[in-house]
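Observations on chain architecture
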Amino acid sequence: MTWSSHPDALVLSNWIDGFLPVTEAAAVAQHVAGCSTCRVAAADGLVPVTAQSTEFGVSQLVLDAFASLPPDPEPGQLWQVAWAGSGDLALIVDVSGPTVTAVPAEPDVHLADDQTVLVDAASRVAPLARAFWVGLRHELPQRVLHTCFGSVDDDALERVMAMLDGTETPTSPPITSVLDERSQLRDAIASRFDQLSAATWLQPRSTALNLEERARALGIRPKRVAEALGVAPGVATAILRQRQSIPPDALPAAAALFGLSVEELAGTAMAFEPGLIDALDRPCFRNRLLRGANTAGMSEAGYRLDAATRLAARRFRSQSADGVDWDEVVEEFLVES
Amino acid sequence: MSTRTGPPPPEPRGSGAAGLLDALRGGGGIEDYYRFVLRAVRFATGRGNLPHPEGRKWDEDSYNDVAQDFFAKDTHTKIVSRAADDGDLSRMTRVAVKNLVRSQLRQTKRGKLHRRLRTILRETDDFIEDPAGWWGLATWTDPGVLQRNEYELDSAAWSVDVTVPYWRPDAKYEGPLADRPSFISMVIAILERADARVDIGTLVRVVADRFGLPGLPEFESIDVPNDAGDVTYRREPGDTAASVEAVAVAEEIWLHQLSDRERRRIPYLDAGGREIASDLGDRGKSAEDDAIKRLQAKLRTLLADLNDADRGGVVSHLRALALEQVEGQPDNEGGLAVHSGREDTIR
């Protein structure tokens, strides 16, 4: 990768701060080395640190929260929600199994709409959020919950619940035009929460394809699958029952064996037990899973899928009786990792 | 090409920056982050090409002033609490800095509004000012001071219909936000909702928000990245908001800026004098040539602030309005052939 023209200011700044991917950073470095214009521009961006910078620190409320083990979610708690490079704050108003109902929690009181509850500047969470966009409530999977900043004041939660019930009097004017700047803010928040609602690490499972039935129809026995894919017979059986994914390097051999394309086979992801999914999605495990993903150089979603595949395969091999404590299994996995 | 030799290539922070968010959450990294914010300020101001809010030149001190404001508002805490990763931290910080600089520019418009509002209030018998500078209605006997959340007053300001005086878009001076009676009605509505005396700062804030001069979101972008990751203004062609805005501008021009004669020539923006003279039969070829050039120049001036796509949208809607007018004329039941023009005529 090379830069034929000057990288723009944003690219240069990202390069200086090390936010560029390795290949792009190398290309920029090569360009800057040979371009006096960009050297001047980049040097212009390397600003000396002033003494004042040390006066500012991140609020202790935030530091304490990130240093603590997150609790299980409960209504009234303010959480950082994040997934795949996009983060925000949300107030939980309901918890139902693996999902929570949450409202976006934003700082801009002057840009609220008529479905937003504003909390007082003296509120405990006011340094982080003062506008709760009740009209943009979303159901979020627990897997997006990252850090808990504690509970909001009772009065604030009561007003949010009243707004949900339609009994709270609006304090801000409604948004009636797309030319109203608040509509852009609302759309941006809604779009981010739509993405968070859809956050998943589970691969879509093909419902049209049943590998076990196809193997039976083709007269393919597990032993042959094991030989063709280079896996243990137990693993071959697990693959046929779609309890374990086909190893990526064995996909071409499997495709040839079953008379399918690699793409069709890739859709036959295994179905994980709900208990395993829920355990991996618990906020208390998230930071350690993230660290594991960073160490392994994988995405958070990819690492969880990999962990789930391994844990499910381990359980399949052990043939243990029902009643597995998946939290314990995940904890053991994290300790081992 | 610059003839400056320039300093040696700077060393990027490289992997050290990859953990900036983690460092901040651990209580460190603030110097690196301050440096990053300062750089974001330079870029947000186009390295000093953007006007300074106070009308002076950008220098190291003023860059530091913006960075200090950023930290003084505790924006960094809000960003650190939200960011998903270092990339998100970078994006949110750049947006926050850009919005902060833009908001500071809006403050100058608020300053003008403050002066105008105070003048109107002092010249109107409906209002009374106490020694502390708080305003109430003259009919009140012993009002208290505002106790409720000032943002509850916003809907009162929005409940008043506002008359915006006609102002030429290419006028040398900026027009007033609204006429005097609108300001008076709005302040009366606000004070009645408050049911108490309100300080001038709050009145200005509420009225400014009503007129679209609010501070920008702290770190929410009103620009959105496209599929390629480039940031473009949200109101681009194809976006509903873009067409609505284009329609609004087109209708404003159609109703207030064009003469009847010019409206009839809108479909001919890309045509020659001969064709126009032949179709309309008003004037000769040369006169029509001059007239269409004048109309094109006028539209260029009126649409100078818009990007190409929005200009195209406005011209397209102007043509639609011209078509509606032609089709709506009683003597055109047979369906007069309307010239089909191109939207890029005035680019």
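Residues numbered from 1 in each chain as written. Chains lettered and ligands numbered in written order. Predicted model: local features only at pLDDT ≥ 70, side-chain atom pairs only at ≥ 80, totals over all residues. Heavy atoms only, no water.

**Brief notes about the overall build of chain A**
Across its full length, chain A carries 15 helices and seven strands. Taking all 337 residues of chain A together, 52% fall into the buried category. Considering only contacts within chain A whose residues lie at least 6 apart along the sequence, 66% involve residues at least 24 apart. (Helix = DSSP H or I, 4+ residues; strand = E, 2+ residues; numbered from the N terminus. Buried < 20%, exposed > 50% of the residue type's maximum accessible area, 1.4 Å probe, protein only. Contact = heavy atoms within 4.5 Å.)

**With respect to a negative patch on the surface**
On the surface, a cluster of negative charge is made up of Asp-120, Asp-153, Asp-154, Asp-155 and Glu-158 of chain A. Relative to the helices and strands, Asp-153 of chain A is located in the loop between β7 (145-151) and α5 (154-165). (Patch = residues over 30% accessible without salt bridge, like charges linked within 9 Å, V, L, I, M, F, W, Y side chains within 5 Å. Areas by Shrake-Rupley, 256 points an atom, 1.4 Å probe, with all protein chains shown as cover. Salt bridge = Lys/Arg side-chain N within 4 Å of Asp/Glu carboxyl O. Lys, Arg positive; Asp, Glu negative; His and termini not counted. Charge placed at Lys NZ, Arg CZ, Asp CG, Glu CD.)

**Examining the pattern of salt bridges**
All names here are of chain A. What the rule picks out here adds up to 24 salt bridges over all chains. In this structure, the salt-bridge partner of Arg-241 is Glu-212, at a minimum N-O distance of 3.6 Å. In this pair, Arg-241 sits in the loop between α9 (233-240) and α10 (251-258) while Glu-212 sits in helix α7 (residues 211-218), placing the two residues 29 residues apart along the sequence. The class of Arg-241 is partly exposed, set by a relative accessible area of 41%. Classification of Glu-212 by relative accessible area gives partly exposed; the value is 29%.

**A few points about the confidence of the model for chain B**
Any region with low pLDDT has predicted coordinates that should not be read closely. Residue and element names in this part refer to chain B. Here chain B averages 75 in pLDDT, and 75% of its residues register 70 or above. Confidence, expressed as mean pLDDT per element, reaches its minimum in chain B at strand β5 (residues 231-233) with 38 and its maximum at helix α4 (residues 75-82) with 95. Taken together, the stretch residues 13-17 has pLDDT below 50 and engages in 14 contacts with residues farther than four places along the chain or on a different chain. Below a pLDDT of 50 lies the segment residues 330-347, which in the model reaches 35 contacts outside its immediate sequence neighbourhood of four places, other chains included. Scoring of the predicted complex yields 0.64 for pTM and 0.76 for ipTM. (pLDDT = per-residue confidence, 0-100.)

**A look at unusual backbone geometry**
All names here are of chain B. In this model, Asp-74 sits at a positive phi of 65°, which is unusual for a non-glycine residue. By the element assignment, Asp-74 lies in the loop between α3 (60-72) and α4. Positive phi, close to 55°, is recorded for Asp-195, a residue that is not glycine. Checked against the element boundaries, Asp-195 lands in the loop between α7 (180-194) and β3 (198-199).

**Topic: the environment of Leu-257 of chain A**
Residue and element names in this part refer to chain A. In this structure, Leu-257 sits in helix α10. Spatially, the C-alpha atom of Leu-257 lies 9.0 Å from that of Ala-215, the residues being 42 residues apart in sequence. Residues contacting Leu-257, with those up to four places away along its chain left out, are Leu-218, Ile-220, Arg-224, Val-225, Ala-228 and Leu-229.

**Topic: the side chain of Arg-143 of chain A**
All names here are of chain A. Along the chain, Arg-143 falls in the loop between β6 (138-141) and β7. Residue Arg-143 is classed as buried on the basis of its relative accessible area of 9%. A polar contact of 2.8 Å, which involves the side chain of Arg-143, links it to the side chain of Asp-281. Discounting residues that sit within four places of it in the chain, Arg-143 has contacts with Trp-83, Ala-199, Thr-200, Trp-201, Leu-202, Ile-277, Asp-281, Arg-286 and Arg-304. (Polar contact = N/O pair within 3.5 Å; in protein donor to acceptor, adjacent residues only side chain to side chain.)

**A closer look at α10 of chain A**
All names here are of chain A. All of the buried residues in α10 are Leu-251, Ala-254, Ala-255, Leu-257 and Phe-258. For α10, the arc enclosing every buried residue in end-on projection is 165°, short of the 170-degree limit, so these residues lie on one face. Residues of α10 that are exposed and point more than 90 degrees away from the buried face comprise Pro-252 and Ala-256. At the C-terminal side of α10, Gly-259 shows a positive phi close to 65°. (Arc of directions from axis to C-beta.)

**Side note on helix α2 (residues 30-44) of chain B**
All names here are of chain B. For α2, which comprises 15 residues, the first-to-last C-alpha distance of 20 Å matches the rise-based estimate of 21 Å (1.5 Å per residue) to within 8%. α2 sits mainly inside the fold: 11 of its 15 residues count as buried. Of all the residues in α2, the buried ones are Ile-30, Tyr-33, Tyr-34, Phe-36, Val-37, Leu-38, Arg-39, Ala-40, Val-41, Arg-42 and Phe-43. Phi turns positive one or two residues past the end of α2, at Gly-46, with a value near 60°. (Expected span 1.5 Å × (residues − 1).)

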